[in-house]
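Architecture at a glance
As a plain string of letters, each chain reads:
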Amino acid sequence: MRHHFLYLILLACSFGFAQTKFAHFTTSDGLPNSLCYGLTQDHLGYLWIGTDDGLSQFNGREFTNYRTNNGLKSNYAIVPFKLKNRLITSTWGSGLYVKNGTQFKRLAVNDSISKIDNLFFHKNFLWSVNNSKDYVYKPVNDTIYKQYVFALKLVNNFPVFKDNLGIHDVSHKFKSVNDELFLFGDVSKTNSLKGIFKIKDLKTIQPVFRFIDDNDITDISAFNKNYIISSKSKIFIASKTKILNKIQPRIINEIIDRVIPYNQNFLVISRDNKNIRLLRLIDNLGNILIDYNTQLNIISNVSDVLIDNENNIWISTYGQGLYCVYSPEKLQFTTIKNSNNKLITDIANVKNSNFLLTDSELLVANTQEVEKAFAVKNNPKTLSVFNDSLIVSAIGKGKKLDIPNAAIKEVNTTLSVFNTEVGLISIKEDVLKIPELNFEYKDRRFLYLLINDVDYINGKIYVATNDGLLTISETTNNSRIKSQINTLIKDKDTLWVGANSGLYKITNDSISHVKQKNNNLSQNINALLKDKDNNLWIGSSSGLTLLKGKEFKNLYLKNSTASSYIKTLNQSNDGKIWVGTNNGAFTIDNFETLQDEKPPLLVVKQKGRYSFYVDVIAFNRSEDFLLQFKINNKDWENTKSENFDFNDYTQGNYRLQFRAKKKDSSWAFSEVYNFEIRLPWYRQNYFYISLIILCFAGIIYFINRRLVITRKRNQRLSDVINKKNKLEAELNSVRENIARDFHDNFGNKLARISMISNYLIESKKSSNDEYTTDAFEKIKYDADDLYQGTKDFMFALKTNSDSVLEVINYLGDFGHDLMASYNIDFEIKSSLKKDVKLPYYWNRQIILIFKEALTNIAKHSHANKAFLKFEIEHQNLQITCKDNGEGFDINTNILSGINNMKKRAERIGANLKITSEPKNGVEIHFSGLIEK
């Protein structure tokens, strides 16, 4: 919220008014429109302002606006009105509305009113009037009213209500005062009613205050136990039977519209000859104390004036928004001119002369300003008064100061001098002296400690130092209160001690740490003062506190132009309290009649079972408040939040209370809210226990089910394995039988054919029959080839031929026999550490691939060296066959044998790679994954 603060000195010399603070609120501050109408303060403390763009609620910091989206049928909100614990507003052209939560509802179903001039509640009825009719609203239930329409007629010059009969004979107003409803004229209109009448009911109207019948009455208000009655030009203080006082305001050519009592004076709203409404404050003699239109530069009509619970004056205007004239602060200050920007370390009063000590000057001041200043060398520290002489204590030797003053002839300077009930106590170097008692005490600690104060009580000397409080007597000298001690003051048999760690009280040698309730007392106590009324003044680094009896009062100093960092305190002969700060000095003029500031208002709304919204309503110093809450028996806790959510609290019963205060006010307490946090069923312990049990049961069931399934699957797998093993055994037996039978029958016969063919060939060679010899050689070649193929086939059928080592041995035997006949050096290489079983059908394909490879080497490579290498790495069988022959161009010589070899590798899912270059031999690399 943006405030436009103005400070005006209101005729201080003539009438004694203090400095007053104003604020101006416009649309830039959140007000919906600067054209404002009526004002009211509801039962909770909110300020309500009717405007040309809706109804506005104000809590001192922000505006909350209500318009047609909140239920109003018109944004022209004219007169907000407090009806018991509800708010009613009139609108231009749409009747009356009652607030219900954040919405407004029609007060009467068939509301025919267009514009209301005034609205009052009396004995459960609402009374209102406009230019032509009177409207009375009677409650049907708590939220619905029924409208009745009347006209005020004159019968034998006496006012009478007629049921919906034409229009008024005379213009008039209603006003409820002291639970009575009065009827009087509206002088702003023609044909105004004369005198004042009391309305008992719609049928009973009787004249009252007959002693002023000849006046045009404009307003009536309560004033103590009497009444304020205003006419066009006069104000009457009257009882019901007579005039007690007559006031003639000093205003010219204006008609008094309304009078409001205010602080023993009167706020007067009047109309000038241009029909402009003006506001002034007058005294009981009719003198104008303040012209608010002039002081605040209000050129628009004053629409309404309200005095709130803090005694602030609110002024709504017809085009310039809203003004607030804040109630004068309870504490009245006078700033000592020409002392600002100076650190005041001590203050003393001698024969009605006031002396202020700084770090380099001694100032002489009257009650308004510094008159003279004298330079003081050697770092002056304190002031002491003895026998009407002022003594300045300084660090180092000094000279006498001649100050031309009738009361004081000279000022002495020495090291440290303090005035006590036993006379002066001086400390110089390491010696403490009390001349009046002929007492002298040496202590080397005085040489290095900073001495801030000294006092004498009950035979003991107390020395305030930067390292604690020293206690000196004839028998003891000890250090107490381990903190920097800044000031001491005696109160009968009690010594008050101000320290950086707070306020202490020494009584009968017993030390107690004095704490303000709720710990609002500052820890850094710099100055103490006992005034003539036995009140204790406590000056600290954060302000000023007054202890009256057992009650602490924190004083609000922000309106003082000096600082709130208090360094020293003194009371002058005229009773004023002098306050020295780090930015000059000021006096407090009215502490004897000081009253507490009114506390703020608290509005607590329970938004849910465990959620609360707290609004602190304060208009004067709206941001300067302390908000606390308390749960059960815990300590009060400070908070800056407005929203409170206790959903995260543990389950249980709770008592909640809020409180708020301004710095210098008492506490405002909310009611106590009792609520029970009951966690939902899914967050209860029994739910978690049940869930854990169910989870364990589910896990056990799942594990058991899986075990059953696994056992069944293992049994099936075992059956399959047994069946497979049985089938493999049967297959192996079949393979062995086939190989044996094939070898015994077919193989033996092929071998015999080969041998006979060979014999016949040799026989024919000797007879030189070439044709017969060729035929027998072909038979032998085919028989040998068939025999070798049969041998390979039979090897593949054998069960042990699935072994890699058997394949190595077989190819090794074949290679050595073949290469030996071609004079080729052949070698078998193997890195296998153990035998590995090959997948079915691999042995035959591998043997056929590498027999063809070795045969090609023997017949076509012209090599003299070749090798066959076997490796297994990560179940990947790799076989390499390489020679050092002539090689060939792999890109141009694609042989059918190579394709056959590759196809055999593909049949078993392996890869065969052949690389060769002319003159660099051939390399054949086989790679296949044994277990897939």
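What you are looking at is a predicted structure, and each value in this text was computed from that prediction instead of being measured.

Next up on the list: the overall build of the chain. For the chain, the count of helices and strands is 8 helices and 71 strands. For the chain, contacts bridging at least 24 residues in sequence account for 49% of all contacts bridging at least 6. Of the roughly 47600 Å² of accessible surface on the chain, 49% is carried by carbon and sulfur atoms.

Bringing the sheet that holds strand E17 (residues 180–185) into the picture now. Strands sit in the order E16-E17-E18-E19 across an open sheet of 4 strands; the sheet is antiparallel. The open sheet has two edge strands, strand E16 (172–177) and strand E19 (204–208), and neither has a second partner. Averaged over all adjacent pairs, the angle separating strand axes in this sheet is 30°, with direction ignored. Relative to E17, E16 runs antiparallel, the two sharing 6 bridges. Considered in E17, the bridge of Phe174 is made with Leu183.

Moving on, we get to the environment of Val268. Mapping Val268 onto the fold places it in strand E25 (residues 265–271). Considered as a pair, Val268 and Arg280 are 12 residues apart in the sequence and their alpha carbons are 5.4 Å apart. Discounting chain neighbours no more than four positions away, the residues touching Val268 are Ile235, Ile256, Arg258, Val259, Leu278, Leu279, Arg280 and Ile282.

Further remarks concern the side chain of Thr382. Within the fold, Thr382 resides in strand E36 (residues 380–386). Taking relative accessible area as the criterion, Thr382 reaches 13% and is therefore assigned buried. Once residues within four sequence positions are removed from consideration, Thr382 is found in contact with Asp346, Leu357, Ile391, Val392, Ser393, Val417, Phe418 and Asn452.

This brings us to the sheet that holds strand E49 (residues 494–499). Taken together, the 4 strands give an open sheet; going across it, the order is E48-E49-E50-E51, and neighbouring strands pair in antiparallel fashion. Sheet topology places strand E48 (485–491) and strand E51 (510–514) at the edges, where each strand pairs with a single neighbour. Averaged over all pairs of adjacent strands, the angle between their axes in this sheet comes to 25°, without regard to strand direction. With 6 bridges joining them, E49 and strand E50 (residues 502–507) adopt antiparallel strand pairing. Counterpart to Trp496 in the pairing with E50 is Lys505.

In this section: the environment of Ser541. For Ser541, the location among the structural elements is in the loop between strand E53 (536–540) and strand E54 (543–548). It is 5.8 Å that separates the C-alpha atoms of Ser541 and Asn524, two residues lying 17 residues apart in sequence. Residues in contact with Ser541, not counting those within four places in the same chain, are Ser522, Asn524, Asn526, Ser564 and Tyr565.

What follows concerns a nonpolar patch on the surface. Taken together, the side chains of Tyr688, Ile692, Phe696, Ile699, Ile700, Phe702, Ile703 and Leu707 define a hydrophobic patch exposed on the protein surface, amounting to about 820 Å² of accessible area. With respect to the helices and strands, Tyr688 occurs in helix H4 (residues 685–767). The exposure class assigned to Tyr688 is partly exposed, which follows from its relative accessible area of 38%.

Our focus in this paragraph is helix H8 (residues 896–907). Relative to the 16 Å expected for 12 residues at 1.5 Å per residue, H8 spans 17 Å between its end C-alpha atoms, a close match to the ideal helical length. Within H8, the full set of buried residues consists of Gly897, Ile898, Met901 and Ala905. Down the axis of H8, the buried side of the element spans an arc of 105°, and every buried residue falls inside it. Within H8, the exposed residues directed more than 90 degrees away from the buried face are Ser896, Glu906 and Arg907. The inward-facing, buried residues of H8 abut helix H7 (842–860), strand E70 (911–916) and strand E71 (922–929). Positive phi shows up at Gly909, right after H8, with a value of about 70°.

Here we come to the packing of aromatic side chains. Following the criterion strictly, the structure yields 40 aromatic pairs and no others. Where Phe333 meets Phe586, the ring centres are 5.3 Å apart and the plane angle is 80°; that geometry is what we call edge-to-face. Here Phe333, found in strand E31 (residues 333–335), pairs with Phe586, found in strand E58 (residues 584–588); they are 253 residues apart in sequence, far enough to count as distant. By the burial criterion, Phe333 is buried, and Phe586 matches it. Taking 6.1 Å as the distance between ring centres and 70° as the angle between the ring planes, the aromatic pair formed by Phe612 and Phe646 counts as edge-to-face.

Turning to the nonpolar core, a few remarks are in order. Ranked by size, the top nonpolar core spans 40 residues in total, and within it Ile846, Phe850, Ile924 and Phe926 carry the most contacts. Broken down by secondary-structure element, the contributors of at least two residues to this core are helix H6 (804–820), H7, strand E68 (865–873), strand E69 (876–883), H8, E70 and E71. Top element by residues in this core is H7. It accounts for 9 residues. Among all residues touching Ile846, those that are not within four sequence positions of it are Val807, Leu811, Leu838, Leu877, Ile879 and Phe926. Membership of the second largest hydrophobic core comes to 26 residues, among which are Tyr66, Leu72, Leu306 and Leu322.

Glancing now at the side chain of Glu180. By the secondary structure assignment, Glu180 is in strand E17. Judged by relative accessible area, which is 11%, Glu180 ranks as buried. Within the local environment of Glu180, its side chain forms a polar contact with the side chain of Tyr227, the two groups lying 3.1 Å apart. Apart from the residues within four sequence positions on either side, Glu180 is in contact with His122, Lys175, Lys198, Tyr227 and Lys240.

Next up on the list: the confidence of the model for the chain. Looking at the chain, pLDDT values average 83 and 85% of them are 70 or higher. Residue range residues 1–18 is modelled with pLDDT below 50. Its contacts to residues more than four positions away, or to other chains, number 55 contacts. Taken as a whole, residues 404–414 scores under 50 in pLDDT and shows 36 contacts with residues more than four places along the chain or in a different chain.

Before going further, it helps to examine the layout of surface pockets. By volume, the second largest pocket is sized at about 1400 Å³. Along the wall of the second largest pocket there are 47 residues; nearest its centre are Asp346, Leu383, Asp453, Thr487 and Thr568. Residue assignment for the lining of the second largest pocket shows that the elements contributing at least two residues are strand E32 (346–350), E36, strand E40 (416–420), strand E44 (451–457), E48, strand E52 (525–530) and strand E56 (566–571). Sort the elements by how many residues they give to the lining of the second largest pocket and E36 lands first, with 6 residues. Taken together, the residues of the lining of the second largest pocket sort by class into 18 nonpolar, 18 polar and 11 charged.

If you check H6, its first and last C-alpha atoms are 24 Å apart, about what 17 residues at 1.5 Å a residue would give, namely 24 Å. Buried within H6 are the following residues: Val804, Val807, Ile808, Tyr810, Leu811, Gly812, Phe814, Gly815, Leu818 and Met819. At the N-terminal boundary of H6, the capping side chain belongs to Ser803, with an oxygen 3.3 Å from the backbone nitrogen of Leu805.

On to the packing of H7 against H8, then. Here H7 crosses H8 at 160°, and the two axes come no closer than 9 Å. In terms of their interaxial angle, H7 and H8 are classed as roughly antiparallel. Relative to H8, H7 is oriented so that their crossing is left-handed. Of the residues in H8, those in contact with Gln845, Leu848, Ile849, Glu852 and Ala853 of H7 are Gly897, Met901, Arg904, Ala905 and Arg907. In terms of residue class, the contact of H7 with H8 is made up of 5 nonpolar, 2 polar and 3 charged.

Running from N to C, H6 and H7 point in directions that differ by 20°, and their axes come no closer than 10 Å. Viewed along their axes, H6 and H7 adopt a mutual orientation that is roughly parallel. Here H6 and H7 pass one another in a crossing that is right-handed. Of H7, the residues touching H6 (which contributes Val807, Tyr810, Leu811, Phe814, Gly815, Leu818 and Met819) are Asn843, Ile846, Ile847, Phe850, Lys851, Leu854, Thr855, Ile857 and Ala858. By residue class, the composition of the contact of H6 with H7 is 12 nonpolar, 3 polar and 1 charged.

Conventions and cut-offs
Counting of residues starts from 1 at the beginning of each chain's written sequence and follows it residue by residue. Thresholds applied to this predicted model are a pLDDT of at least 70 for local features of residues and 80 or more for the giving and counting of side-chain atom pairs; totals over whole chains, interfaces and linings are not thresholded and use all residues. To obtain the side-chain values, all non-hydrogen atoms of the structure were used and water was disregarded. Secondary structure elements follow DSSP: runs of H or I no shorter than four residues count as helices, runs of E no shorter than two count as strands, and numbering proceeds from the N terminus. Any two residues whose heavy atoms approach within 4.5 Å at even a single point are treated as in contact. Only the protein chains shown count as cover for residues, and the accessible areas themselves come from Shrake-Rupley with a 1.4 Å probe. Between any two strands, pairing holds if DSSP finds at least two bridges. Orientation is described by axes fitted as lines to C-alpha atoms, over the contacting stretch for helices, and by angles from 0 to 180 degrees between their N-to-C directions. The cut-offs for exposure are 20% and 50% of the maximum accessible area for each residue type, with area from a 1.4 Å probe on protein chains only; residues under the lower value are buried, those over the upper are exposed, and the others partly exposed. For patch building, the residue pool is restricted to those with more than 30% relative accessible area and no salt bridge; the joining distance is 9 Å between like charges and 5 Å between nonpolar side chains (Val, Leu, Ile, Met, Phe, Trp, Tyr). One side-chain nitrogen of Lys or Arg within 4 Å of one carboxyl oxygen of Asp or Glu is enough to make a salt bridge. Here the expected span of a helix is defined as 1.5 Å times the quantity of residues minus one. Taken from the helix axis, the directions to the C-beta atoms give the arc we talk about. Only the six-membered ring of Trp is used, alongside the rings of Phe and Tyr, when aromatic pairs are assigned; centres must lie within 6.5 Å, and planes under 30 degrees apart are stacked while those over 60 apart are edge-to-face, with the rest tilted. By nonpolar core we mean a set of buried residues, namely Ala, Val, Leu, Ile, Met, Phe, Trp, Tyr and Cys, connected to one another through side-chain atoms within 4.5 Å. Pairing of N or O atoms within 3.5 Å defines a polar contact, subject to two protein rules: one partner must be a possible hydrogen donor and the other a possible acceptor, and residues neighboring in sequence count only if both atoms are side-chain atoms. pLDDT expresses, on a scale from 0 to 100, how confident the predictor is about each individual residue. Points on a 1 Å grid over protein atoms alone make up a cavity when a 1.4 Å probe fits among them but cannot get out, and a pocket when they form an open set with protein on both sides within 12 Å along at least five of seven lines; lining residues each have an atom within 4 Å of a point. Grid points are joined across faces, edges and corners, and a volume is the space filled by probe spheres set on the points. Asp, Glu, Lys and Arg are counted as charged, while Ala, Val, Leu, Ile, Met, Phe, Trp, Tyr, Cys and Pro are counted as nonpolar; the rest, among them Gly, fall into the polar class. Orientation labels follow simple angle bins: below 35 degrees gives roughly parallel, above 145 gives roughly antiparallel, 65 to 115 gives roughly perpendicular, and whatever is left gives oblique. With the far helix as reference, a near helix turned anticlockwise by less than a right angle produces a left-handed crossing, and one turned clockwise produces a right-handed crossing.

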